[in-house]
Amino acid sequence: MLVLLDRDGVINEDLPRGVVHPEEFRLLPGALDGIAMLTQAGCRIAVVTNQSVIGKGLVSAEQVDALHSALAEQVEAAGGLIDRFYVCPDHPEKPTPRRKPAPGMLLEALEDFGVQAAQTPFVGDALRDLQAAQAAGCPRWLVKTGKGAALLAEGLPASLQPVMVVDDLRAAARSILQALRFA
Ligand SMILES: [Mg+2]
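None of the values given here were measured: they were computed from a predicted structure.

Calculation notes
Residues numbered from 1 in each chain as written. Predicted model: local features only at pLDDT ≥ 70, side-chain atom pairs only at ≥ 80, totals over all residues. Heavy atoms only, no water. Helix = DSSP H or I, 4+ residues; strand = E, 2+ residues; numbered from the N terminus. Disulfide = S-S within 2.5 Å. Buried < 20%, exposed > 50% of the residue type's maximum accessible area, 1.4 Å probe, protein only. Donors = N, O, S within 2.8 Å, 3.2 Å for Na, K, Ca; no water. Pairing = 2+ DSSP bridges. Right-handed = clockwise from strand over helix to strand, strands pointing away. Contact = heavy atoms within 4.5 Å. Core = buried A, V, L, I, M, F, W, Y, C linked by side-chain atoms within 4.5 Å.

**Structural notes on unusual backbone geometry**
Both trends apply: most residues other than glycine have a negative phi, and most peptide bonds are in trans.
Line of reasoning, step 1. In this structure, the amide linkage connecting Lys 100 to the following residue, Pro 101, adopts the cis form with an omega of 20°.
Line of reasoning, step 2. Inspection of the secondary structure puts Pro 101 in the loop between strand E3 (84-88) and helix H4 (104-113).
Line of reasoning, step 3. Between Gln 161 and Pro 162 the backbone carries a cis peptide bond, its omega angle lying at 0°.
Line of reasoning, step 4. The topology assignment puts Pro 162 in the loop between helix H6 (148-154) and strand E6 (163-166).

Structure, rendered in structure tokens:
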């Protein structure tokens, strides 16, 4: 099974203008554990992330790749594996169909891994994650980290249900694995 993860607000702290400098990339508690739990249960993992910091010229695509290599190493040291990163560099004012809430990157991942959307959980913290996952046909988990708590306070649109709400990525991993056992 493939599990799709948003990055900022799910794996690492979400920052208002995005992560620009490597030292601003701060892992959230339980993130490494959650990924390791999924990997050890046999799940493959892809990260699906909007990085408009590239389109805005704040960082280069190469710098984001370097950040992801460093993240992948930390994940592996903790017993997990991120198979692939899907990064959308679009400026928010010039979005392509890859930029969430559009489902482009999710559809690419489903095709690359040869899996069905209905069996591919997506874990995100923002409205556009849930929208992208719904458009792709993926079941949706919302973490309360990142933008998640504020989104819940506003109220989730009924049209996006069902959404499984969990505290963080570790809880999402537990919930996904539990759902699998009863599937
Ligand atoms: Mg996010």
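**Some thoughts on the state of the cysteines**
Line of reasoning, step 1. Scanning all chains against the criterion turns up 0 disulfides.
Line of reasoning, step 2. Unpaired in terms of disulfides, Cys 88 finds its nearest cysteine sulfur in Cys 138, a separation of 17 Å.
Line of reasoning, step 3. Overall, the relative accessible area of 0% leaves Cys 88 in the buried class.
Line of reasoning, step 4. Left unpaired, Cys 138 is separated from the closest cysteine sulfur, that of Cys 43, by 14 Å.

**Considerations on the coordination of the magnesium ion**
Six octahedral donors around a metal ideally subtend angles of 90 or 180 degrees, whereas four tetrahedral donors ideally subtend 109.5 degrees.
Line of reasoning, step 1. Only Asp 6 (OD), Asp 8 (O) and Asp 125 (OD) from the protein coordinate the magnesium ion, and they sit 2.0 to 2.1 Å from it.
Line of reasoning, step 2. When the donor residues of the magnesium ion are listed from N- to C-terminus, their spacing reads D-x1-D-x116-D. With Asp 8 in the loop between strand E1 (2-5) and helix H1 (31-40) and Asp 125 in the loop between strand E4 (122-124) and helix H5 (127-136), this residue pair connects regions lying 117 residues apart in the sequence. Each member of the pair, Asp 8 as well as Asp 125, carries the same accessibility label: buried.

**Focus on the pairing of strand E2 (residues 44-50)**
Line of reasoning, step 1. Of all 7 residues making up E2, 6 are buried, and the element is well covered by its neighbours.
Line of reasoning, step 2. Both E1 and E2 contribute to a ladder of 4 bridges, which runs parallel. When the sheet's bridge partners are listed, Leu 2 is paired in E2 with Arg 44.
Line of reasoning, step 3. Chirality of the crossover, the property in question, places the unit of E1, H1 and E2 among those that are right-handed.
Line of reasoning, step 4. Relative to E3, E2 runs parallel, the two being bridged by 5 bridges.

**Observations regarding the environment of Val 165**
Line of reasoning, step 1. Note that Val 165 resides in strand E6.
Line of reasoning, step 2. Separated by 16 residues in sequence, Val 165 and Ala 149 place their C-alpha atoms 10.0 Å apart.
Line of reasoning, step 3. Those residues in contact with Val 165 that lie beyond four places of it in its chain are Leu 142, Lys 144, Leu 152 and Leu 156.

**Here we look at the nonpolar core**
Line of reasoning, step 1. In this structure, Leu 5, Ile 11, Ile 35, Leu 38, Val 123 and Leu 169 are the most contacted members of the largest nonpolar core, which totals 27 residues.
Line of reasoning, step 2. For this core, the secondary structure elements donating two or more residues are E1, H1, E2, helix H3 (61-77), strand E5 (140-143) and helix H7 (169-181).
Line of reasoning, step 3. The element best represented in this core is H7, accounting for 6 residues.
Line of reasoning, step 4. Each residue touching Ile 11, except ones within four places of it in the same chain, is listed here: Leu 5, Asp 6, Leu 27, Leu 28, Ala 31, Ile 35, Val 47, Leu 71 and Leu 169.

Any link to function would need more than the numbers given here.
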